[in-house]
Every structure is written in structure tokens, then in C-alpha cells.
Amino acid sequence: MLENADLGKLLLRLTLGGLLLFHGIAKLLHGVGFIEGELAAHGLPTLLAYGVFVGELIAPLMVILGYQTRIGALLIVFNMLVALVLVHTNQLLSLGSNGGWALELQGFFLFTAVAVVFLGPGRYKLKN
């Protein structure tokens, strides 16, 4: 009775997409100035900062809705890898003040998105 892989996939998608969507909404409301600064510090065009809207708004919506889920999850993986390289490289081997990995949130988004790439959307999705 409790074995329902499709419901598990839906919960995984809703959690990943829903939590990451808040980050995209915050950037939509408050701008991407911080990301522009990080890109400029790495010698990259600041225009690339607007790509975060793909990774943190469009991709999470794709995952939540189950529309082209694997593509949406891959976009999230790419988004998180870019975030790790631009902002969090110095924290890769660090612990936070509570004893957990300093990058556990970023790790959650990255590895959950990888899992969704492999699992797919399950039965509860928009028809493609």
C-alpha cells in the first residue's frame, strides 16, 4: 500500500522545484546584482546573470509541472554547478556552524536534480 514510486517522484519534484523557485522569485524581485558582480569578478559577461532566471524560475516550473522534467532538472544541475564555481568553491570542504556541510542546501538542489534526471517525472505530470 505504501509502495508508490510515482507519488515519491511527484513529492521529489515538488520539493526540488518548489524550494528552488523561492530563490528565483527573490532574484526576480530584488535583481541579480550579486550574480553580476560574481561574473565580473571571474572575467565573465554580466549579461549571463540573467540565465539564473532559466535555472531558478523556468526549470523549477518545468520540474514541478512534470513538463520536460529531465531537461528542467538538467538546467537546475547546470545552474547549481555554476553557483558552486562562482560563489561557493571555497566552502566545498567546510562545515557550517551547526556541524553540517556548509553547502548542504546547494548540495540538496544539485543532487536532487541529478536524481530527477535519472528517475524522470513519474505518472503524475503534464502530458508532453
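Computed from a predicted model, the values in this text were never measured in an experiment.

Student: Run through the side chain of T69, naming residues and quoting values.
Tutor: Secondary-structure assignment places T69 in helix α4 (residues 69-88). Dropping the residues within four chain positions of it, T69 is found in contact with R13, M62, V63, V116 and P121.

Student: Requested: an account of the packing of helix α1 (residues 5-30) against helix α3 (residues 52-65), with residues and values cited.
Tutor: Where α1 contacts α3, the two axes come as close as 8 Å, and the packing angle between them is 150 degrees. In terms of axis orientation, α1 runs roughly antiparallel to α3. Classified by chirality, the crossing of α3 by α1 is left-handed. Contacts between α1 and α3 involve R13, L14, L16, G17, G18, L20, L21, H23, G24, I25, K27 and L28 on the former and, on the latter, V52, F53, G55, E56, L57, P60, L61, V63, I64 and L65.

Student: Kindly report on the confidence of the model for the protein, identifying the contributing residues and their values.
Tutor: In the predicted model, the protein carries a mean pLDDT of 95, and the fraction of residues at 70 or more is 98%. Element-level pLDDT for the protein is lowest in helix α2 (residues 33-41), with a mean of 95, against a maximum mean of 98 in α3.

Student: Explain the pattern of salt bridges to me, and be specific about the residues and the numbers.
Tutor: With the rule as written, the count across this model stands at two salt bridges. Between R123 and D6 there is a salt bridge whose closest N-O contact spans 3.7 Å. Of this pair, R123 sits in the segment after α5 (104-119) while D6 sits in helix α1, placing them 117 residues apart in sequence. The exposure class of D6 is buried, given its relative accessible area of 17%. Taking the shortest distance from any N to any O, the salt bridge between E56 and K27 comes out at 2.9 Å. A residue pair is termed long-range when its members are at least 10 positions apart, and E56 in helix α3 and K27 in helix α1 qualify at 29 residues. The same class applies to E56 and to K27, which are both buried.

Student: I'd love a proper account of α2, names of residues and values included.
Tutor: Looking at α2, one finds that the buried residues are I35, E38 and L39. In a view along the axis of α2, the buried residues occupy a sector of 100 degrees, so they form one face of it. Seen from the buried face of α2, the exposed residues on the opposite side, beyond 90 degrees, are F34 and A41. Elements that come into contact with the buried residues of α2 comprise α1, α3 and α4. Positive backbone phi, approximately 75 degrees, marks G43, located one or two places after α2.

Student: Could you give an account of the nonpolar core, naming the residues involved and the relevant values?
Tutor: Side chains of nonpolar character tend, in soluble globular proteins, to be buried together. If you look at the biggest cluster of nonpolar residues, it comprises 15 residues, and the most contacted ones within it are L16 and I76. Where this core is concerned, the elements lending two or more residues are α1, α3, α4 and α5. Non-local contacts of L16, meaning those with residues more than four positions away in its chain, are made with V63, I76, F109, T112, A113 and V116.

Calculation rules
- Residues numbered from 1 in each chain as written.
- Predicted model: local features only at pLDDT ≥ 70, side-chain atom pairs only at ≥ 80, totals over all residues.
- Heavy atoms only, no water.
- Helix = DSSP H or I, 4+ residues; strand = E, 2+ residues; numbered from the N terminus.
- Contact = heavy atoms within 4.5 Å.
- Axes fitted to C-alpha atoms, helices over the stretch in contact; angles between N-to-C directions.
- Parallel < 35°, antiparallel > 145°, perpendicular 65-115°, else oblique.
- Left-handed = near helix turned anticlockwise from the far one by under 90°.
- pLDDT = per-residue confidence, 0-100.
- Salt bridge = Lys/Arg side-chain N within 4 Å of Asp/Glu carboxyl O.
- Buried < 20%, exposed > 50% of the residue type's maximum accessible area, 1.4 Å probe, protein only.
- Arc of directions from axis to C-beta.
- Core = buried A, V, L, I, M, F, W, Y, C linked by side-chain atoms within 4.5 Å.

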